[in-house]
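Next come the chains, spelled out residue by residue.
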Protein chains: 6
Amino acid sequence: MSGPIVVINPNSNQAVTDGLDRALESFRLQGGPPIECVTLTEGPFGVESQVHSDQVVLPLVRLVEQRADASAFVIACYSDPGIDACRSVSPVPVFGIQESGVLTALSRADRIGIVAIAAASEKRHRLYMRRMGVTSRIAGEHALNMSVDESARGTGTFARLQEVGQALISDGAEALVLGCAGMAVHRAPLEKDLGIPVIDPTQAAVSMAIGTVLANPL
Amino acid sequence: MSGPIVVINPNSNQAVTDGLDRALESFRLQGGPPIECVTLTEGPFGVESQVHSDQVVLPLVRLVEQRADASAFVIACYSDPGIDACRSVSPVPVFGIQESGVLTALSRADRIGIVAIAAASEKRHRLYMRRMGVTSRIAGEHALNMSVDESARGTGTFARLQEVGQALISDGAEALVLGCAGMAVHRAPLEKDLGIPVIDPTQAAVSMAIGTVLANPL
Amino acid sequence: MSGPIVVINPNSNQAVTDGLDRALESFRLQGGPPIECVTLTEGPFGVESQVHSDQVVLPLVRLVEQRADASAFVIACYSDPGIDACRSVSPVPVFGIQESGVLTALSRADRIGIVAIAAASEKRHRLYMRRMGVTSRIAGEHALNMSVDESARGTGTFARLQEVGQALISDGAEALVLGCAGMAVHRAPLEKDLGIPVIDPTQAAVSMAIGTVLANPL
Amino acid sequence: MSGPIVVINPNSNQAVTDGLDRALESFRLQGGPPIECVTLTEGPFGVESQVHSDQVVLPLVRLVEQRADASAFVIACYSDPGIDACRSVSPVPVFGIQESGVLTALSRADRIGIVAIAAASEKRHRLYMRRMGVTSRIAGEHALNMSVDESARGTGTFARLQEVGQALISDGAEALVLGCAGMAVHRAPLEKDLGIPVIDPTQAAVSMAIGTVLANPL
Amino acid sequence: MSGPIVVINPNSNQAVTDGLDRALESFRLQGGPPIECVTLTEGPFGVESQVHSDQVVLPLVRLVEQRADASAFVIACYSDPGIDACRSVSPVPVFGIQESGVLTALSRADRIGIVAIAAASEKRHRLYMRRMGVTSRIAGEHALNMSVDESARGTGTFARLQEVGQALISDGAEALVLGCAGMAVHRAPLEKDLGIPVIDPTQAAVSMAIGTVLANPL
Amino acid sequence: MSGPIVVINPNSNQAVTDGLDRALESFRLQGGPPIECVTLTEGPFGVESQVHSDQVVLPLVRLVEQRADASAFVIACYSDPGIDACRSVSPVPVFGIQESGVLTALSRADRIGIVAIAAASEKRHRLYMRRMGVTSRIAGEHALNMSVDESARGTGTFARLQEVGQALISDGAEALVLGCAGMAVHRAPLEKDLGIPVIDPTQAAVSMAIGTVLANPL
């Protein structure tokens, strides 16, 4: 049997990890790879700044080095922290959820929009997408202006997602990426409400990870 | 239970459809979506020219319209014939294997190389990748210079794949896409031989299709 | 004497063909190539969807193959349907009016705007212009939101063209392309009204076709 | 009757002007605009350096201002000297032969190659094409390494054009632009020899100029 | 001792040269290169049109050729007139203030905004920045709509700079370039007022020039 | 008096810091800002891998936070490690030497080449330059294939620099950036030998830092 896909929540908020776990429940299939969600206990409570993003890199590298049993890794923070470093030490594929979320959205529509949690992340995302070479396909990015924790729990989150989604549609977006690891619960309702594909980036990354495992049957 | 992922071989060569079927065997998981490979009987024996690519569009559209039970479609010809038309009539996601193969490779490496079957396809692929807006990530494309049928069967195919793969690595490729629906059998051995990820585009598209199905649990 | 430039109206609306004929009257010069406008009788009444655009490809290919006397072809539908297929079978140059219209506008101004008939075409045009690699020169595209037939005949068309033209000028457009085969009658008045070059794409394509004929004197 | 298309040779070499005149003979049609080739007597004998290119700008502007009878201007030097300044003072369209040659070649093939006269011009051309925003379509540029005068007269020119043309085809060029005002005599033979379209840029610019005149019938 | 950095004001308005001189006072350090500001007496009173920009090229070339003592040149007009020609004749580095201003701003922020004096210059600047290949980093450009002379003297200039600066920040600018040689006096106050870096392009060019001199100690 | 420009060597090799100190000697001018070179004692002996690059980020952030007296910072490692994090905490400008080196080279030539120390760094540099949006100006990058320490000391370094420089010139480079903090001693001789500008990136960054200090006279 293949090893697990190890999905790492780089912040130390166990509620976020639990949410990931629930969001991936339907991706656990008999005969398919196990999917294990782990919390980076050294991480900050939320990755909300550039320094937060950088401080989790070495702990992520160590975790990747320790989990020699993994068949693939998913770094479940939308900044894709440590993606280059983890790839440089891992013998198995490492997926970042921003990268996977954006690429998956590009398979569903020509121009896509990004829903950020906080405006402060937009520049980080923009630099990353320019580095990815896909900016001609990005219609825009708008922020909910909530904390990660609040967006995961808050009752006003869905209404705000609708507003931001409509703004992105006005910008030309034909599909959306939820720019955060903790909004999967809103994916299907928002897709239904807006009438365009909505991508949860962790599901996108796990789907790609499953693909690499299934392409290598034992 | 969700409907099947319908993988359409747009040419009428049943051997190619059978090969797709075998290549996707490991993607059929209990609890996951059924994967059904069908032959477009109106298609030419191989899609090897621009006219071939265009002549399958309307038959593909009709097939998509008939299969209201599908949960997703995959057009399993590397030219992604009819992708725009099929999407315009389908209520469920439609994946082209070129698009999915390229996007999936971009999740595995910065610069990727494409292995074409015939040199005549390279221009068609180039135009499509420019339309996708991803050309800054393409290291190069080289052709095996074989027919689709020959590449699927021929004993010299693997040696030629090694040669072309090495040429693409010299161009800077850090991952490869097999630019044809019928070379999945060579994927794993070639990946092992070259030491870089090799993507079978039909597996990539089916993996993305599975992802859209699993993200919508019943 | 050189053979005719065959201008093909891919829809079966003879009124559109007649309009093309009139719009090209001044391009028929003594000693220059004859210009013949023909209707693709197999075409739909208007090419207004992706499927319409795809369904005319094979009939266009057959027409091109039959007209061995042509010195050049012009496909007079702004989606440039069948351009790749027709080129692959034609021994003489084949011009698409979108491609020719855009390139000609680029010879008149730095940033150009496109007047679409229907909003549904904008995505098709955008994908085509990205494939052309000229998007850095496109200021925007706006739709009249009329049917092809209506735009060719309707009395409100000019007022709507003025509105859309002004919107494109606000976007930065310094020249316009009329994104349809049937609006040539409005070209000169609109150019006068807006004060910037306005390109009729069929005239642009025919002008390029004449250029290839004259560069090969008998 | 419309005024003449004034084709300006910005160098003072009358033999170049005479060559332009002959190259455009077939573009003079009854009922079409007259085509008049004039020599910029203040110009250098050949425009072979950046300073040469800059020193003709003001004389070009004066000539454009004097020829109020023109229906269009063509600046027949492949550096398109003074194109911005001439456009800023002219009430009628001004075409540069580099711009027109490149755009016309883009209507004939996806990737194009440029044949420069001297290697020293390649950088000037590259900057101009980047400013045009079309570099994704340029396969390469190679120089004949001859003087303008020599290339126009020399018996070895054609053999050198074949060599350089083959090199550009190896680079991926599917059509060529002759990067000089004085090589029209070689256009048709070279096109026949290489089997791909070869564009004479002065003919391309004059063809576009004719198009603007014919689109405004008196 | 190294020769002077010769800063050339291409217009004949001595007040502008004097302003440059004051703006560069703090860049004159003991042991560093002398900085000499000179007026191009052949220049127009202000460089405000394309023809103005072109007419100063040859006088600039002559001035560069005469000043064999210079260790570097700075062309202090935001159109960078004559930059290619001056470089082609100068044995020492030649800096244009637009190029230097933009590159320096790119070292301070991801996306930058340009403050033009007059709307008529925006197109010239846009073409230049596209030629530079940096347009993906440009948030926007807005004009003060003042004459060069007025902007250098007028009391309302600062208020207008604040307005335009705020508009550029709304466009996404994270740093600004003052698109004129004569606004250095407003740099520090505007930077303080807006809270983002503001670059005076002449100071940027002189700083780069100093760098080339200091990297070659005698 | 303004505070010092603090140049941080992120590796713990004091010989590299000493080399930086000597390379910047001529940039210390009376009346100008002091330039202080410091060693990041927590850093690895050389920054030669992605993990090395990431592990210095937090120590760099702490150092930046401690040096409240600095007027600007320069991170003197060609990977620009920690540039985003240091900028996010610093009230004064932070320059990365890759960014500054590349931007400065772009002020000297149209297409530039990068001399890497080790081939393993090329991908990291390429991703960074794509993120910068300047790849259309990059002619190529080649590696010396030496360790940082070896390149700083070794007698064969200059010969290897000549080889690699010539290879980059063949690729079209018109100026070079030395892609390492420790090769300043070779800058002037290499520039003389190759006949094109050679940029030492630390000198470039310090020059830009001096510019920001001098633009704010006390």
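Note that the structure is predicted; figures quoted are calculated from it, not measured. The numbering scheme is per chain: residues are counted from 1 as the chain's sequence reads. All chains are assigned letters beginning at A, and all ligands numbers beginning at 1, according to the order in which they are written. Local features in a predicted model are, by the rule used here, given only for residues with pLDDT of at least 70; side-chain atom pairs are given and counted only at 80 or more, and totals for whole chains, interfaces and linings are based on all residues. Hydrogens and water are ignored here; the side-chain numbers use all heavy atoms of the structure.

Undergrad: Teacher, can you tell me more about the overall build of chain A here?
TA: Each helix and strand counted, chain A has 10 helices and eight strands in total. Each radius of gyration reported is based on C-alpha atoms, and the globular scaling rule is 2.2 Å times the count of residues to the power 0.38. What you see for chain A is a C-alpha radius of gyration of 16 Å, in line with the 17 Å of a compact globule of 218 residues. Along the first, second and third principal axes, the C-alpha set of chain A runs to 45 × 35 × 35 Å. Only protein chains enter the accessibility calculation, which uses a 1.4 Å probe; a residue is then buried when its area is under 20% of its type maximum, exposed when over 50%, and partly exposed in between. A burial count over chain A gives 67% of its 218 residues as buried. By definition in these notes, contact holds between two residues if any of their heavy atoms fall within 4.5 Å. Long-range pairs, those at least 24 residues apart, make up 68% of the contacts in chain A between residues at least 6 apart in sequence. If the 17 positive side-chain charges of chain A are averaged to one point and the 23 negative ones to another, these points end up 3 Å apart. Every helix listed is a DSSP run of H or I at least four residues long, and every strand listed is a run of E at least two residues long, numbered separately from the N terminus. In summary, the charge assignment counts Lys and Arg as positive and Asp and Glu as negative, without counting His or the chain termini. For this purpose, a charge sits on NZ of Lys, CZ of Arg, CG of Asp or CD of Glu.

Undergrad: Help me understand the interface of chain E and chain A, please; the structure alone is not making it clear to me.
TA: It is common to give the size of an interface as the accessible area lost on bringing the parts into contact. Taken together, the contact between chain E and chain A spans five residues of the former and four residues of the latter. Throughout, the accessible surface (probe 1.4 Å) given up by two parts as they are put together, summed over both, is called the buried area. Here chain E meets chain A over a buried area of about 400 Å², counting both sides, of which 34% is carbon and sulfur. Three residues stand out in chain E for area buried against chain A, namely E:D110, E:R111 and E:E174, and they jointly supply 76% of the buried area on that side. Between A:K123 and E:E174 there is a salt bridge whose closest N-O contact spans 4.0 Å. Here a polar contact means two N or O atoms within 3.5 Å. Within protein one must be a hydrogen donor candidate and the other an acceptor candidate, and residues neighboring in sequence count only if both atoms are side-chain atoms. Run the count over chain E and chain A and you get three residue pairs in polar contact (both at pLDDT 80 or more). Under the grouping applied here, Gly and all other residues not named as nonpolar or charged are polar, the nonpolar ones being Ala, Val, Leu, Ile, Met, Phe, Trp, Tyr, Cys and Pro and the charged ones Asp, Glu, Lys and Arg. Residue classes in the side of chain E that touches chain A are distributed as no nonpolar, one polar and four charged. For this document, the term salt bridge refers to a Lys or Arg side-chain nitrogen within 4 Å of an Asp or Glu carboxyl oxygen.

Undergrad: What exactly am I supposed to notice about the pattern of salt bridges here?
TA: Between side chains of opposite charge, a pair can form when the charged atoms approach closely. Applying the stated criterion across every chain, the model contains 77 salt bridges over all chains. Note that B:D69 and B:R67 form a salt bridge whose closest N and O atoms lie 2.9 Å from each other. Judged by its relative accessible area of 40%, B:D69 is partly exposed. For D:D84, the salt bridge is made with D:R131, and the minimal N-O distance between the two is 2.8 Å. Within this pair, whereas D:D84 is found in helix α4 (residues 83-89), its partner D:R131 is found in helix α6 (residues 119-132), the two being separated by 47 residues in sequence. What emerges from the salt-bridge pattern is a single network uniting A:D110, A:R137, A:E174, C:K123, C:R126 and C:R130.

Undergrad: Whenever I open this one, the domain arrangement of chain A confuses me. Can you help?
TA: Residues and elements named next belong to chain A. For the domains described, the bounds stem from an automatic or database domain assignment. When cut into domains, chain A gives domain 1 (5-96 + 203-214) and domain 2 (99-201). A straight line from the C-alpha centre of domain 1 to that of domain 2 covers 20 Å. At the interface, 23 residues of domain 1 touch 25 residues of domain 2. Taking both partners together, domain 1 and domain 2 bury about 1,900 Å²; carbon and sulfur atoms supply 49% of that area. Counting the contacts that link domain 1 with domain 2 gives two salt bridges. The interface formed by domain 1 and domain 2 holds 11 residue pairs in polar contact (both at pLDDT 80 or more) in total. Contributions of two or more residues to the side of domain 1 that touches domain 2 are made by α1 (14-23), α2 (50-55), α4 (83-89), β4 (94-96) and α10 (201-214). Here the side of domain 1 that touches domain 2 is composed, by residue class, of 12 nonpolar, seven polar and four charged.

Undergrad: Looking at this structure, how should I read the sheet that holds strand β4 (residues 94-96) of chain D?
TA: Residues and elements named next belong to chain D. For two strands to pair, DSSP has to find at least two bridges joining them. Ordered in space as β2-β1-β3-β4, the four strands form an open sheet in which the pairing is parallel. Both edges of this open sheet fall to β2 (35-39) and β4, since each of them pairs with a single strand only. Between one strand axis and the next, the sheet turns through 20 degrees on average, direction left out of account. Relative to strand β3 (residues 72-75), strand β1 (residues 5-9) is paired through four bridges, and the arrangement is parallel. The residue bridging V7 from the neighbouring strand is V74, located in β3. Axis definition: a line fitted to C-alpha atoms, limited for helices to the stretch in contact. Angles are taken between N-to-C directions and run from 0 to 180 degrees. Here helix α1 (residues 14-23) sits on the sheet and contacts β1 and β2; the angle it forms with β2, its principal contact strand, is near 170 degrees. Most of the contacts of helix α3 (residues 57-66) go to β1, to which it runs at about 160 degrees, and overall it touches β1, β2 and β3.

Undergrad: What is the right way to look at the interface of chain B and chain A in this model?
TA: Each partner contributes residues to the interface: chain B has 32 residues there, and chain A has 32 residues. Of the roughly 2,700 Å² buried between chain B and chain A, counting both surfaces, carbon and sulfur atoms make up 55%. Across the contact surface, chain B and chain A share zero salt bridges. Connecting chain B to chain A are 12 residue pairs in polar contact (both at pLDDT 80 or more). Taken together, the elements giving at least two residues each to the side of chain B that touches chain A come down to α5 (97-106), α9 (187-194) and α10 (201-214) of chain B. If you tally residues by element for the side of chain B that touches chain A, the top one is α10(B), at six residues. For the side of chain B that touches chain A, the class distribution of residues is 13 nonpolar, 13 polar and six charged.

Undergrad: How should I be thinking about helix α8 (residues 157-170) of chain E in this particular structure?
TA: Since the α-helix packs 3.6 residues into each turn, any two residues three or four apart lie on the same face. Residue and element names in this part refer to chain E. The terminal C-alpha atoms of α8, which comprises 14 residues, lie 20 Å apart, in line with the 20 Å expected from a rise of 1.5 Å per residue. Among the residues of α8, those classed as buried are T157, L161, V164, G165 and L168. What you see down the axis of α8 is that its buried residues fit within an arc of 105 degrees, all on one side. Expected helix span is given by 1.5 Å per residue-to-residue step, counting one fewer step than there are residues. In this description, the arc belongs to the directions extending from the helix axis to the C-beta atoms.

Undergrad: Honestly, empty space enclosed by the protein in this entry has me stumped. Any pointers?
TA: One simple way to see leftover space: roll a probe sized like a water molecule over the atoms. Two kinds of site are reported from a 1 Å grid over the protein atoms alone, namely cavities, where a 1.4 Å probe fits but cannot get out, and pockets, open sets with protein on both sides within 12 Å along at least five of seven lines, and residues are called lining when an atom falls within 4 Å of a point. Grid points are joined across faces, edges and corners, and a volume is the space filled by probe spheres set on the points. Enumeration over the complete set of coordinates arrives at four cavities of 30 Å³ or more. Within this model, the largest cavity holds a volume of roughly 630 Å³. As for the largest cavity, its lining consists of 32 residues, and the residues nearest its centre are B:D54, B:D84, B:R131, C:D84 and C:R131. Put simply, the parts of the chain that give the lining of the largest cavity at least two residues each are α2 (50-55), α4 (83-89) and α6 (122-132) of chain B together with α2 (50-55), α4 (83-89) and α6 (122-132) of chain C. Per-element accounting of the lining of the largest cavity gives the leading share, five residues, to α6(B). Split into classes, the residues belonging to the lining of the largest cavity amount to 12 nonpolar, 10 polar and 10 charged.

Undergrad: What's the story with the packing of helix α5 (residues 97-106) of chain F against helix α10 (residues 201-214) of chain F in this structure? I'm lost.
TA: Two packed helices can be described by the angle between their axes and the distance between those axes. Residues and elements named next belong to chain F. One way to put it is that α5 packs onto α10 with a least axis distance of 8 Å and a crossing angle of 85 degrees. When the axes of α5 and α10 are compared, the pair comes out roughly perpendicular. Residues I97, S100, G101, L103 and T104 of α5 touch α10, and the partners they reach there are P201, T202, A204, A205 and M208. Across the contact of α5 with α10, the residue classes tally to six nonpolar, four polar and no charged. Each angle is binned into one of four classes, with values under 35 degrees roughly parallel, values over 145 roughly antiparallel, values of 65 to 115 roughly perpendicular, and all other values oblique.

Undergrad: Please explain the relation of the copies chain B and chain A as it appears in this structure.
TA: One copy of the chain maps onto the other through a rotation about an axis followed by a shift along the same axis. C-alpha atoms of residues with pLDDT of at least 70 in both copies form the basis for the least-squares superposition of the copies. In the superposition of chain B on chain A (RMSD 0.0 Å, axial shift 0.0 Å), the rotation amounts to 180 degrees. Here the symmetry operator amounts to a two-fold rotation axis. An overlap of 100% is found between the interface residues of chain B and their copies at the interface of chain A, pointing to a shared contact surface.

Undergrad: It is not clear to me how the environment of F:V102 should be interpreted in this structure. Could you clarify?
TA: Residues and elements named next belong to chain F. Within the secondary structure layout, V102 lies in helix α5. Using a relative accessible area of 0% as the deciding quantity, one classes V102 as buried. Residues contacting V102, with those up to four places away along its chain left out, are Y78, I112, I114, M129, M132, V134 and V177.

Undergrad: Would you mind showing me how to read the environment of B:Y128 here?
TA: Residue and element names in this part refer to chain B. Structurally, the position occupied by Y128 is in helix α6. On the basis of relative accessibility, which here comes to 10%, the residue Y128 falls in the buried class. When the C-alpha atoms of Y128 and Q98 are compared, they prove to be 8.7 Å apart, with 30 residues separating the residues in sequence. Not counting residues up to four positions away in its chain, the partners in contact with Y128 are D80, I83, Q98 and E99.

Undergrad: What is the right way to read the relation of the copies chain E and chain A from this model?
TA: Of the transformation superimposing chain E on chain A, the axial component is 0.0 Å and the angular component is 120 degrees, with the fit at an RMSD of 0.0 Å. The relationship between the two copies is best expressed as a three-fold rotation axis. Taking C-alpha positions as the reference, the residue of chain E nearest the rotation axis is E:S136, at 5.7 Å.

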